[in-house]
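# Observations on the model geometry
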Amino acid sequence: MKNTDQKLTRKELWKIFRGQMFIRSALNFERQQCIGFTHAMGPVIEKYYDTPEEKAEAMERHMELFLTQPMVSAIPVGVAVAMEERLATEGDIDPSSISAVKTALMGPLAALGDSLINGTARPILAGIACGLAMQGSILGPILFLIGMAIITLGVRYFGVFKGYEKGVSMVADLQKSGLIGKITELASVAAFVIIGGFTTSNVTLATTLSYTADETVISIQETLDSLLPGILPVALTLLMYFLLSKKKVSPVVLMLILMVAGVAGTYLGIF
């Protein structure tokens, strides 16, 4: 082990930040993101370990199974960097504790990242972008790309730099306060509300059926709109959700069914 008490520099932390962006590189079914995680830890290993044996031992620690939401994986990377530095410079922590902390973080952070980023931020930005694009505005895709770039890079920056700065104490504080669970729950509720609001504007379904009462032609679609506007798109969305989540029908099968139903319904004069 190199005889150094020097802390990691900002330049080295930026290198770790860039390495963390490739967390899914060489993803495999046995240990998932372990290679990308080990790659991100490269500057730490190179700085504090000298012999091939020491480097190999450090790499083995990070080649264990690791899997979480890719963007928030920056947090365990930052924490692992701080612990690895402490092990190399002070030697007062157990090497196995590094793996233990990583393992403990995987589940809660996966739920947090999926809820906040995949389940809330991305659908909101995508809905706004789709609305603009449907109006012919080029701002739609530009807004989505810029918005997601700010969110993903911001989360990765916070994870690496703040994770390193606060170390294990940040994780302990988050878990002790129950903040992760609360944020996950609130984000899930917000995601359902927002996605539900976008349903009627992004799902199009209307019927052309009508019937005659005496001499009056009554349109079923106009009647439905006067009673419950957007009921057909909402009903179709709920049906697709039921078939996907409860009946485990393949999305490809559902898309084929919708295509056939749409063509047949238009031909028969139903839609």
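Residues numbered from 1 in each chain as written. Predicted model: local features only at pLDDT ≥ 70, side-chain atom pairs only at ≥ 80, totals over all residues. Heavy atoms only, no water.

## Some words on the overall build of the protein chain
Secondary structure assignment for the protein chain yields 12 helices and 2 strands. Beginning at the N terminus, the succession of helices and strands in the protein chain can be written as α-α-α-α-α-α-α-α-α-β-β-α-α-α. A total of about 15900 Å² of accessible surface is found on the protein chain, and carbon and sulfur atoms cover 68% of it. (Helix = DSSP H or I, 4+ residues; strand = E, 2+ residues; numbered from the N terminus. Areas by Shrake-Rupley, 256 points an atom, 1.4 Å probe, with all protein chains shown as cover.)

## Re the UniProt feature "transmembrane region" (unreviewed entry) in the protein chain
Summarizing the sequence annotation, UniProt attributes the feature "transmembrane region" (unreviewed entry) to residues 138-158, 179-206, 226-244 and 251-270 in the numbering used throughout. Secondary structure content for residues 251-270 is 85% helix and 0% strand, while the C-alpha to C-alpha distance between its ends is 24 Å. (UniProt positions renumbered as here; feature names shortened; annotations may be inferred.)

## A look at helix H5 (residues 74-89)
Here H5 spans 22 Å end to end across 16 residues, near enough to the 22 Å set by a 1.5 Å rise per residue. Within H5, 15 of the 16 residues are buried, which leaves the element mostly enclosed by the surrounding structure. Downstream of H5 by one or two residues, Gly91 has phi in the positive range, about 65 degrees. (Expected span 1.5 Å × (residues − 1). Buried < 20%, exposed > 50% of the residue type's maximum accessible area, 1.4 Å probe, protein only.)

## So, a nonpolar patch on the surface
A cluster of nonpolar side chains, Ile138, Leu139, Ile142, Ile146 and Ile150, forms an exposed patch at the surface whose accessible area comes to about 510 Å². The class for Ile138 is exposed, based on a relative accessible area of 61%. (Patch = residues over 30% accessible without salt bridge, like charges linked within 9 Å, V, L, I, M, F, W, Y side chains within 5 Å. Salt bridge = Lys/Arg side-chain N within 4 Å of Asp/Glu carboxyl O.)

## A short note on the pattern of salt bridges
What the rule picks out here adds up to 8 salt bridges. Taking the shortest distance from any N to any O, the salt bridge between Arg61 and Glu84 comes out at 2.4 Å. Taken as a pair, Arg61 in helix H4 (residues 52-62) and Glu84 in helix H5 lie far apart in primary sequence, 23 residues in all. On the accessibility criterion, Arg61 (10% relative accessible area) is buried. Notably, a salt bridge pairs Lys166 with Glu165, separated by 4.0 Å at the nearest N-O pair. Judged by relative accessible area, Lys166 falls into the partly exposed class, the value being 43%. Each of the salt bridges in this network shares a partner with another, and the network as a whole consists of Glu57, Arg61 and Glu84.

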